[in-house]
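So the chains spell out like this:
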Amino acid sequence: MSSTPAASADDLVKHGWNAVPVDANAILKGKPYINKPSVYSVKDTPFPSDDPIVAKVQEYAKDHLIEQTFNHSMRVYYWGYSILKDQFPKEAANFSLSTWALTCLLHDIGTTHANLRATLLSFEFYGGILALNLTKELGAPQAQAEAVAEAIIRHQDLGVVGKITVLGQVVQLATVYDNMGINPQIVDPATREDVNRAFPRMGWSGCFARTIREENGLKPWAHTTHLGEEDFPRGVEENELMRHYDGWGL
């Protein structure tokens with residue numbers, strides 16, 4: 001754990017700054033999961049709506065994101081809650097659900113029609129800046145606001161070399177699970193069914209693939225291209241794990 005003077009050791013743990021391998025396979029040791037996933041329902045999973053910053057950011061997300069992206073963001077919260085509790089139990093013990101919720105709600109804020117056109121920056125980087133400014137304006141402490149920004153900036157920074165915050169790793173695991181069905185056994189099938197019912201996909205696979213191609217067309221230098229200019233959107237479109245649910249809500 002870092003000894004940076006910018007935050008206390010407790011705050012670093014609380015907001016998910018623990019360094020872990022960026023390579024998810026190294027964490028999972030080539031297995032489907034470390035610990036067998038438990039079943040979590042939406043109604044029994046805590047969401048920190050009593051935190052005024054989270055409540056305001058959730059309203060902001062509803063106002064600025066299309067419904068498909070908002071629902072994706074909420075699904076990521078519940079996938080990540082399951083992953084955090086079962087695969088990172090030590091970190092989960094002192095982890096701020098508010099920080100997790102803020103990260104999920106804002107991780108794709110850079111993909112809106114207006115935001116894609118407001119900057120030359122890749123959507124994750126611009127989204128991280130927007131999230132940093134918004135959460136600080138709403139009163140989030142530095143360690144929380146910067147944890148959210150760092151995780152958003154790096155949420156598509158998949159790789160095998162180096163480290164990432166545990167917050168960043170969990171948002172990576174949860175987003176690739178939702179978008180591409182990677183690590184399909186890391187969430188229990190009953191949880192998958194319940195979360196998709198509560199926050200229907202409404203054609204999310206095609207919707208997000210179009211957004212990827214839209215950004216790459218606007219910004220051929222976009223960070224997303226490191227995942228494969230065509231491999232990534234095609235992988236999203238061909239998400240077999242979520243195919244059964246993709247039409248729900250249409």
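Throughout, a residue's number is its position along its own chain's written sequence, starting from 1. Since the coordinates come from a predicted model, pLDDT governs what is reported: local features require at least 70, and pairs of side-chain atoms require 80 or more to be given and counted, while whole-chain, interface and lining totals use all residues. Heavy atoms throughout the structure, all of them, feed into the side-chain values; hydrogens and water do not.

Participant: Go over the layout of surface pockets, please, and point to the residues and values.
Facilitator: The definitions used throughout rest on a 1 Å grid laid over the protein atoms alone, on which a cavity is an enclosed set of points accommodating a 1.4 Å probe that cannot get out and a pocket is an open set flanked by protein within 12 Å on both sides along at least five of seven lines; lining residues are those having an atom within 4 Å of a point. Grid points are joined across faces, edges and corners, and a volume is the space filled by probe spheres set on the points. In this model, the largest pocket occupies a volume close to 240 Å³. Around the largest pocket, the lining is made up of 14 residues, and of these Ala24, Leu158, Val176, Ile182 and Asn183 lie nearest the centre. Secondary-structure elements contributing two or more residues to the lining of the largest pocket are helix 2 (24-28) and helix 10 (166-180). A run of DSSP states H or I qualifies as a helix once it reaches four residues; a run of E qualifies as a strand once it reaches two. Both are numbered from the N-terminal end. Per-element accounting of the lining of the largest pocket gives the leading share, 5 residues, to helix 10. In this count, Pro and Cys sit with the nonpolar residues alongside Ala, Val, Leu, Ile, Met, Phe, Trp and Tyr, while Asp, Glu, Lys and Arg are called charged and the others, Gly among them, polar. Its residues assigned to classes, the lining of the largest pocket comprises 8 nonpolar, 5 polar and 1 charged.

Participant: Could you give an account of the environment of Pro220, with specific residues and numbers?
Facilitator: On the secondary structure map, Pro220 appears in the loop between helix 12 (204-218) and helix 13 (231-237). Using a relative accessible area of 53% as the deciding quantity, one classes Pro220 as exposed. It is 29 Å that separates the C-alpha atoms of Pro220 and Ala145, two residues lying 75 residues apart in sequence. Partly exposed describes any residue whose relative accessible area lies between the buried limit of under 20% and the exposed limit of over 50%, with all areas from a 1.4 Å probe on protein chains only and scaled to the type maximum.

Participant: Explain empty space enclosed by the protein residue by residue, including any values.
Facilitator: Considering all chains together, one arrives at 1 cavity of 30 Å³ or more under this definition. Its volume calculated, the largest cavity comes out at about 100 Å³. Looking at the largest cavity, it is lined by 14 residues, and the ones nearest its centre are Gln156, Thr175, Val176, Asn179 and Phe232. Looking at the lining of the largest cavity, the element that brings in the most residues is helix 10, giving 4 residues.

Participant: Please set out the packing of helix 4 (residues 67-87) against helix 10 residue by residue, giving values where relevant.
Facilitator: Convention adopted: a line fitted to C-alpha atoms gives each axis, helices being fitted over their contacting stretch, and angles between N-to-C directions are expressed from 0 to 180 degrees. Interaxial distance between helix 4 and helix 10 falls to 8 Å at its minimum, and their mutual angle equals 120°. Here helix 4 lies oblique to helix 10, going by the angle between them. For helix 4 against helix 10, the interelement crossing comes out right-handed. Here helix 4 contributes His72, Arg75, Val76, Trp79, Gly80, Ile83 and Leu84 to the contact with helix 10, which in turn contributes Val170, Val171, Leu173, Ala174, Thr175, Tyr177, Asp178 and Asn179. A per-class count over the contact of helix 4 with helix 10 returns 9 nonpolar, 4 polar and 2 charged. When describing relative orientation, an angle under 35 degrees is termed roughly parallel and one over 145 degrees roughly antiparallel, while 65 to 115 degrees is termed roughly perpendicular and anything else oblique. Crossings are sorted by hand: turned counterclockwise from the far helix by less than a right angle, the near helix makes the crossing left-handed, and turned clockwise it makes it right-handed. Two residues qualify as a contact provided that any one of their heavy atoms is within 4.5 Å of a heavy atom in the partner residue.

Participant: Give me the lowdown on the environment of Glu67, citing residues and values where you can.
Facilitator: Considering the arrangement of structural elements, one finds Glu67 in helix 4. Overall, Glu67 belongs to the partly exposed group, its relative accessible area being 48%. Separated by 134 residues in the primary sequence, Glu67 and Arg201 have C-alpha atoms spaced 9.1 Å apart.

Participant: I'd like a rundown of the nonpolar core, residues and numbers included.
Facilitator: We define a nonpolar core as any set of buried Ala, Val, Leu, Ile, Met, Phe, Trp, Tyr and Cys residues linked to one another through side-chain atoms lying within 4.5 Å. Formed by 55 residues in total, the largest nonpolar core has its most connected members in Phe47, Tyr77, Tyr78, Phe88, Trp100 and Leu105. Sorting the residues of this core by element identifies helix 2, helix 3 (52-64), helix 4, helix 6 (97-106), helix 8 (123-137), helix 9 (142-153) and helix 10 as the ones contributing at least two each. With 9 residues, helix 4 is the single largest residue contributor to this core. Phe88 has contacts with Ile27, Ile83, Val166, Gln169, Val170 and Leu173, leaving out every residue within four places of it along the chain. Grouped together as the second largest cluster of nonpolar side chains are 7 residues, Trp204, Phe208, Ile212 and Phe232 included.

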